[in-house]
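This is what each chain is made of:
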Amino acid sequence: MKENKIYSSHFNKTITIKRVLGSIKGAHETPTVIFFAGIHGNEIAGVIALNSIISHVEKEAIHFRGNMYAICGNIAAIKKNVRYNKVDLNRIWSQELMHQQQGEDIPEFEEQTAIYNAIKDIVNHNQGPFYFIDLHTTSSDSIPFITISDSLNNRKFSSNFKIPTILGIEEFLEGPLLTFINEFGHVSIGFEAGQHFKESSVDNCIAFVWLALVASGCVAKKDVEKMAFYEHYLSMYNENQEFYEIKYRYVIKEGELFNMLEGFSNFDRISVGDALAMSESKTITAEFDGKIFMPLYQKQGEDGFFIIRKISTFWLSLSRIVRNLHLHTLLKILPGVKSDQNNSYTLIVNPKTARFLATEIFHLFGYRKTVKKNGKLYFFKRDRKVTMIA
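It should be emphasised that the depicted structure is a prediction, and the values quoted were computed from it without experimental measurement.

Engineer: Just checking my understanding: could you explain the pairing of strand β2 (residues 13–17) for this structure?
Structural biologist: The two faces of a sheet get side chains in turn, since along a regular strand they alternate between them. Relative to β2, strand β1 (residues 4–8) is paired through five bridges, and the arrangement is antiparallel. Across the sheet, residue Asn-4 finds its bridge partner in β2, namely Ile-17. Counted along the chain from β1 to the antiparallel partner β2, the turn is four residues long, and its residue Asn-12 has a positive phi close to 55°.

Engineer: Got a minute to help me understand the nonpolar core in this structure?
Structural biologist: Generally speaking, soluble globular proteins have nonpolar side chains that are buried together. In this structure, Phe-35, Leu-50, Met-68, Phe-191, Phe-208, Trp-210 and Leu-213 are the most contacted members of the largest nonpolar core, which totals 59 residues. For this core, the element with the most residues is helix α7 (residues 199–216), which contributes 11 residues. The contacts of Trp-210, once residues within four sequence positions are left out, are Ile-53, His-56, Val-57, Ile-62, Val-219, Val-224 and Tyr-230. With 25 residues, the next largest nonpolar core counts Ile-34, Trp-93, Ala-118 and Ile-389 among its residues.

Engineer: Is there a simple way to explain the packing of aromatic side chains in this structure?
Structural biologist: What describes a pair of aromatic rings is the distance from one ring centre to the other and the angle between the planes of the rings. Enumeration according to the criterion identifies 20 aromatic pairs in this entry. When the ring of Phe-145 is compared with that of Phe-293, the centres are 5.0 Å apart and the planes differ by 65°; the resulting orientation is edge-to-face. Of this pair, Phe-145 sits in strand β7 (residues 145–148) while Phe-293 sits in strand β15 (residues 290–293), and the two are 148 residues apart along the sequence. When its relative accessible area of 0% is taken as the criterion, Phe-145 is described as buried. Each residue in the set Tyr-131, Phe-157, Phe-161, Phe-191 and Phe-208 is aromatic and connected to the rest through ring pairs, giving one cluster. A cation sits over an aromatic face here: Lys-373 above Tyr-378, 4.6 Å from the ring centre.

Engineer: What exactly am I supposed to notice about the sheet that holds strand β14 (residues 282–285) here?
Structural biologist: The strands making up a sheet associate through hydrogen bonds between their backbones, and the pairing can be parallel or antiparallel. The sheet built from three strands is open, its strands ordered β11-β13-β14 with antiparallel pairing. Strands with a single pairing partner mark the edges of an open sheet, and in this sheet they are β11 (258–260) and β14. Taking each pair of neighbouring strands and ignoring which way they run, the sheet shows an average axis angle of 30°. Bridge analysis of strand β13 (residues 275–279) against β14 gives four bridges, and the strand direction is antiparallel.

Engineer: Quick question: what am I supposed to make of the pattern of salt bridges here?
Structural biologist: A side chain with one charge can pair with a side chain of the opposite charge if their charged atoms come near. For the structure shown, the criterion picks out 18 salt bridges. As a salt-bridge pair, Asp-150 and Arg-368 come within 3.4 Å of each other at their nearest N and O atoms. Taken together, the residues span a long stretch of sequence, with Asp-150 in the loop between β7 and α5 (152–158) and Arg-368 in strand β19 (residues 367–373) at a distance of 218 residues. With respect to class, Asp-150 is no different from Arg-368; both count as buried. Lys-310 is the partner of Glu-242 in a salt bridge, and the nearest nitrogen-oxygen pair spans 3.4 Å. Placement of Glu-242 in the loop between α8 (227–235) and β10 (243–251) and of Lys-310 in strand β16 (residues 303–310) is noted, with a sequence separation of 68 residues between them. Residue Glu-242 is classed as partly exposed on the basis of its relative accessible area, which comes to 23%. Here the salt bridges do not stand alone but share partners, grouping Asp-150, Arg-155, Glu-171, Glu-245, Arg-323, Arg-368 and Asp-383 into one network.

About the thresholds
- Each chain has its residues counted from 1, running along the sequence as written.
- Local features are withheld for residues below a pLDDT of 70 in this predicted model, meaning they are given only at 70 or higher, and side-chain atom pairs are given and counted only at 80 or more; totals for whole chains, interfaces and linings count all residues.
- For side-chain calculations, the full set of non-hydrogen atoms in the structure is used, while hydrogens and water are omitted.
- When DSSP finds at least two bridges between two strands, those strands are taken to pair.
- Strands are runs of DSSP state E lasting at least 2 residues, helices are runs of H or I lasting at least 4, and numbering of each runs from the N terminus.
- In this text, buried Ala, Val, Leu, Ile, Met, Phe, Trp, Tyr and Cys residues form a nonpolar core when linked through side-chain atoms within 4.5 Å.
- The buried label applies to any residue whose accessible area, calculated with a 1.4 Å probe on protein chains only, is under 20% of its type's maximum; exposed applies above 50%, and partly exposed to all values in between.
- Should any heavy atoms of two residues lie within 4.5 Å, those residues are considered in contact.
- Two aromatic rings from Phe, Tyr or Trp, using only the six-membered ring of Trp, form a pair when their centres are within 6.5 Å; if the ring planes differ by under 30 degrees the pair is stacked, by over 60 it is edge-to-face, and anything between is tilted.
- The criterion is that NZ of a Lys, or CZ of an Arg, lies within 6 Å of the ring centre and within 35 degrees of the ring normal, and then a charge sits over that ring.
- The axes are straight lines fitted to the C-alpha atoms, using for helices just the contacting stretch, and the angles between their N-to-C directions are given from 0 to 180°.
- Salt bridge criterion: a side-chain nitrogen from Lys or Arg within 4 Å of a carboxyl oxygen from Asp or Glu.

In structure tokens:
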């Protein structure tokens with residue numbers, strides 16, 4: 001396997017990168033945890049953390065149950081310290097997009113093929129349950145947080161971490177890696193560790209990876225020397241886990257001169273009318289009350305910022321009950337709502353009917369992403385049976 005060494009001036013260290021950064025075969029065949037890092041080339045805190053943990057497990061001979069794999073993402077972009085070369089590697093993961101890209105000379109397509117083949121090889125040669133965890137960092141200053149597609153198995157696993165959790169980001173983004181994996185029913189969680197080049201982001205990744213290995217059953221608490229520290233280190237940001245959902249996304253148009261106003265950090269509270277950014281000479285103001293989420297302070301990227309709002313615990317509990325009772329079948333008897341004959345997890349809804357059914361109702365029953373095709377709305381169910389990754 002080809003190995004590269006790069007020097008990071010931000011972290012003042014030389015980093016070894018290769019497609020599979022490392023793997024650990026434990027005493028049992030299951031579970032299997034797959035970590036990704038560097039899907040965006042300027043986000044290497046996760047790469048440093050995974051290299052450190054794999055080395056530590058081997059050096060200290062820590063008792064390991066199941067399997068762990070660490071996959072490196074956009075290697076070509078990591079070498080250049082850029083988010084991506086031609087297209088965002090975390091926006092091209094869908095069956096449709098993967099079929100369209102054959103023959104195109106774009107580095108990210110080659111990276112995607114290599115990552116996809118690595119995933120398939122791991123899944124084909126190991127036993128589940130499989131846990132997929134993608135490590136990221138942000139361009140703005142931020143406390144650590146989790147992003148998940150809103151399935152109950154994702155919620156259950158994320159409950160092991162007392163940090164903010166964002167639901168439904170897949171409704172606003174086209175083609176994230178974890179959304180693709182979630183469609184096959186596997187647990188898939190994104191962890192955002194903090195600002196790109198802060199040492200604390202590496203520390204946050206290390207703490208999160210250890211907590212994830214314990215939560216998955218790969219490592220016993222007693223075998224993690226600093227377990228109490230890691231638990232406290234992340235939980236100090238939040239005493240209890242809070243859930244949020246995205247209410248708004250500002251999309252940067254091609255060629256637009258977008259500049260986020262200085263001083264915003266993730267989860268800063270904002271109000272309607274607050275000045276947030278500049279587009280050309282026009283001031284962009286908040287359209288909703290809420291909290292700013294992932295304000296863009298880098299050149300590459302098409303998401304200027306998001307606005308999020310907290311979800312009530314009552315609503316979360318009610319949605320869990322509704323889904324466990326399989327009450328989503330009631331939606332199909334409503335006029336203007338029918339199942340997609342080609343996909344049992346999809347509802348096709350007449351827009352006239354949708355006017356009287358708030359999107360929150362579909363969220364309650366577990367249907368998240370909405371796409372408009374041929375004059376119809378398509379809602380996709382997030383709770384799915386586990387199947388092989390195609």
